[in-house]
Amino acid sequence: MNHFGKLAFMVLVLAGLNSTAAADDSTESGKKIFQRRCQTCHGVTGPADSVMGPSLVGIIGRKSGSGDSGVHSRAAVEAGTVWTRSSLRRYLYDPGREMSGTIMNAQVRDAKELDDLLNFLETLR
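Residues numbered from 1 in each chain as written. Predicted model: local features only at pLDDT ≥ 70, side-chain atom pairs only at ≥ 80, totals over all residues. Heavy atoms only, no water.

**Student:** Explain the overall build of the chain to me, please; I cannot follow it from the model alone.
**Tutor:** Across its full length, the chain carries 5 helices and 0 strands. Overall, the chain shows an N-to-C arrangement of helices and strands of α-α-α-α-α. Taking all 125 residues of the chain together, 30% fall into the buried category. For the chain, the proportion of contacts with a sequence separation of at least 24, taken over those separated by at least 6, is 39%. Only carbon and sulfur atoms are counted for the fraction: they give 58% of the accessible area of the chain, which is about 7,700 Å². (Helix = DSSP H or I, 4+ residues; strand = E, 2+ residues; numbered from the N terminus. Buried < 20%, exposed > 50% of the residue type's maximum accessible area, 1.4 Å probe, protein only. Contact = heavy atoms within 4.5 Å. Areas by Shrake-Rupley, 256 points an atom, 1.4 Å probe, with all protein chains shown as cover.)

See the structure below:
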């Protein structure tokens, strides 16, 4: 590998390390947002820790209104939405508009907070 190739390789490695650090910071920020705005109703360790709403463990890829814990609105059960990053983004931004009849009224309107929260939710498995 010539000098230019080695330099290009190092730039790619450093860029990858930097993006991992940024993702970790974003996930930690998302955890704090969750604790401040969501934890009152939703758990993140399993079905037994949910106070009111469903546990959010494994939320990505799960169908709305399903799960073994918490209260699910009739709207969520009937919608049958598969929770993806995109569908959660729309729902969390404005739950009532996205799913008429939902019982969740918390909104996350700030784009950065929403991204960070979604990054955190993706870690819940």
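**Student:** For this particular structure, what's the right way to read the side chain of serine 55?
**Tutor:** Looking at where serine 55 falls in the secondary structure, it is placed in the loop between helix 1 (3–37) and helix 2 (74–79). At 3.3 Å, the side chain of serine 55 and the backbone nitrogen of valine 57 are in polar contact. (Polar contact = N/O pair within 3.5 Å; in protein donor to acceptor, adjacent residues only side chain to side chain.)

**Student:** Please clarify how the environment of threonine 45 should be interpreted in this entry.
**Tutor:** Tracing the backbone shows threonine 45 in the loop between helix 1 and helix 2. Overall, threonine 45 belongs to the exposed group, its relative accessible area being 67%. Threonine 45 sits 10 residues away from serine 55 along the chain, and the two C-alpha atoms are 7.5 Å apart.

**Student:** Looking at this model, I keep getting lost on a nonpolar patch on the surface. Mind explaining?
**Tutor:** Together, Val51, Met52, Val71 and Ile103 make up a nonpolar patch on the protein surface, roughly 420 Å² of accessible area in all. In this structure, isoleucine 103 sits in the loop between helix 4 (95–98) and helix 5 (111–122). (Patch = residues over 30% accessible without salt bridge, like charges linked within 9 Å, V, L, I, M, F, W, Y side chains within 5 Å. Salt bridge = Lys/Arg side-chain N within 4 Å of Asp/Glu carboxyl O.)

**Student:** Help me understand the nonpolar core, please; the structure alone is not making it clear to me.
**Tutor:** Generally speaking, soluble globular proteins have nonpolar side chains that are buried together. With 19 residues, the main nonpolar core has Leu92, Leu117 and Leu121 as its most contacted residues. Secondary structure elements with two or more residues in this core: helix 1, helix 2, helix 3 (85–93) and helix 5. Those residues within four positions of leucine 117 in sequence are excluded, and the remaining contacts are Gly30, Ile33, Phe34, Cys38, Leu92 and Val108. (Core = buried A, V, L, I, M, F, W, Y, C linked by side-chain atoms within 4.5 Å.)

**Student:** Where do I start with the pattern of salt bridges in this structure?
**Tutor:** Opposite charge on two side chains permits pairing when their charged atoms draw close. For the structure shown, the criterion picks out 8 salt bridges. Among the charged side chains, a salt-bridge network with shared partners connects Arg36, Arg37 and Glu113.

**Student:** Looking at this structure, how should I read the packing of helix 3 against helix 5?
**Tutor:** Any two packed helices are characterised by how steeply their axes cross, that is the angle between the axes, and by the distance between the axes. Across the interface, helix 3 lies against helix 5 with an axial gap of 11 Å and an inter-helix angle of 130°. With respect to each other, helix 3 and helix 5 are oriented oblique. Once helix 3 is placed against helix 5, the crossing between them reads as right-handed. Contacts between helix 3 and helix 5 pair Arg85, Leu88, Arg89, Leu92 and Tyr93 from the former with Leu114, Asp115, Leu117, Leu118, Asn119, Leu121 and Glu122 from the latter. Tallied by class, residues from the contact of helix 3 with helix 5 come to 7 nonpolar, 1 polar and 4 charged. (Axes fitted to C-alpha atoms, helices over the stretch in contact; angles between N-to-C directions. Parallel < 35°, antiparallel > 145°, perpendicular 65-115°, else oblique. Left-handed = near helix turned anticlockwise from the far one by under 90°. Nonpolar A, V, L, I, M, F, W, Y, C, P; charged D, E, K, R; others polar.)

**Student:** I would appreciate a short explanation of the side chain of serine 73 in the present structure.
**Tutor:** As for its placement among the helices and strands, serine 73 is situated in the loop between helix 1 and helix 2. Leaving out residues up to four positions away in the same chain, serine 73 has contacts with Gly101, Thr102 and Ile103.

**Student:** Whenever I open this one, helix 5 confuses me. Can you help?
**Tutor:** An α-helical turn contains 3.6 residues, so a residue and the one three or four places further along point in the same direction. The end-to-end C-alpha distance of helix 5, which contains 12 residues, comes to 16 Å, matching closely the 16 Å that a straight helix rising 1.5 Å per residue would cover. Every buried residue of helix 5 is listed here: Leu114, Asp116, Leu117, Leu118, Phe120 and Leu121. N-capping of helix 5 is provided by aspartate 110, with a side-chain oxygen placed 3.1 Å from the backbone N of lysine 112. (Expected span 1.5 Å × (residues − 1).)

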